[in-house]
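One-letter residues, chain by chain:
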Amino acid sequence: MIQGSVFAMILLVKMAIPRLRSLVEGSLEVKLPTILTDGQAEVGRVREEKRREEKRREGKRREEKRREEKRRDETRRDETRREEKREDQRRERVRGKKMQVRER
């Protein structure tokens, strides 16, 4: 009876090993590369996210720089206009005084 049990066990193990091997190999073939690929994909996603964030920041910096340059240009134009207006007013005063002198 013991010999029969041992024999039965050996047969069960022999029959089960190919099934277990294919189950394990199948699992490893599917899961291991997926795990590795997922890890690489995650690294890639993180890199891509960092690139996008850096591009967004760079875009904001450029936009802020453009706005600042535009403000400076507007300020310069305003100052130039004020100076031209003052010069025109001065000329008008001088012209008015010359007219008064001629009338006398």
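Here is what the cut-offs are and how they apply
Residues numbered from 1 in each chain as written. Predicted model: local features only at pLDDT ≥ 70, side-chain atom pairs only at ≥ 80, totals over all residues. Heavy atoms only, no water. Helix = DSSP H or I, 4+ residues; strand = E, 2+ residues; numbered from the N terminus. Buried < 20%, exposed > 50% of the residue type's maximum accessible area, 1.4 Å probe, protein only. Areas by Shrake-Rupley, 256 points an atom, 1.4 Å probe, with all protein chains shown as cover. Salt bridge = Lys/Arg side-chain N within 4 Å of Asp/Glu carboxyl O.

> Just to check I follow, could you spell out the overall build of the protein for this structure?
Within the protein, the regular secondary structure consists of one helix and zero strands. Burial analysis of the protein (104 residues in total) assigns 0% to the buried set. In the form shown here, the protein has an accessible surface area of approximately 10,400 Å², with 55% of it arising from carbon and sulfur atoms.

> Hey, could you run me through the pattern of salt bridges in this one?
When the charged atoms of two side chains with opposite charge come close together, those side chains can pair. Considering all chains together, one arrives at 20 salt bridges under this definition. For Glu48, the salt bridge is made with Arg52, and the minimal N-O distance between the two is 3.9 Å. Linking Glu48 with Arg52, this pair stays in helix 1 (residues 2-103), spanning four residues, or about one helical turn. Look at Glu48 and you get partly exposed, because its relative accessible area is 33%. Between Glu68 and Arg72 there is a salt bridge, with the nearest N and O atoms lying 4.0 Å from each other. Here the residue Glu68 and the residue Arg72 both occupy positions in helix 1, the gap between them amounting to four residues, near one helical turn. Taking relative accessible area as the criterion, Arg72 reaches 40% and is therefore assigned partly exposed. Through salt bridges with shared partners, a single ionic network connects Glu53, Glu54, Arg56, Arg57, Glu58, Arg61 and Arg62.

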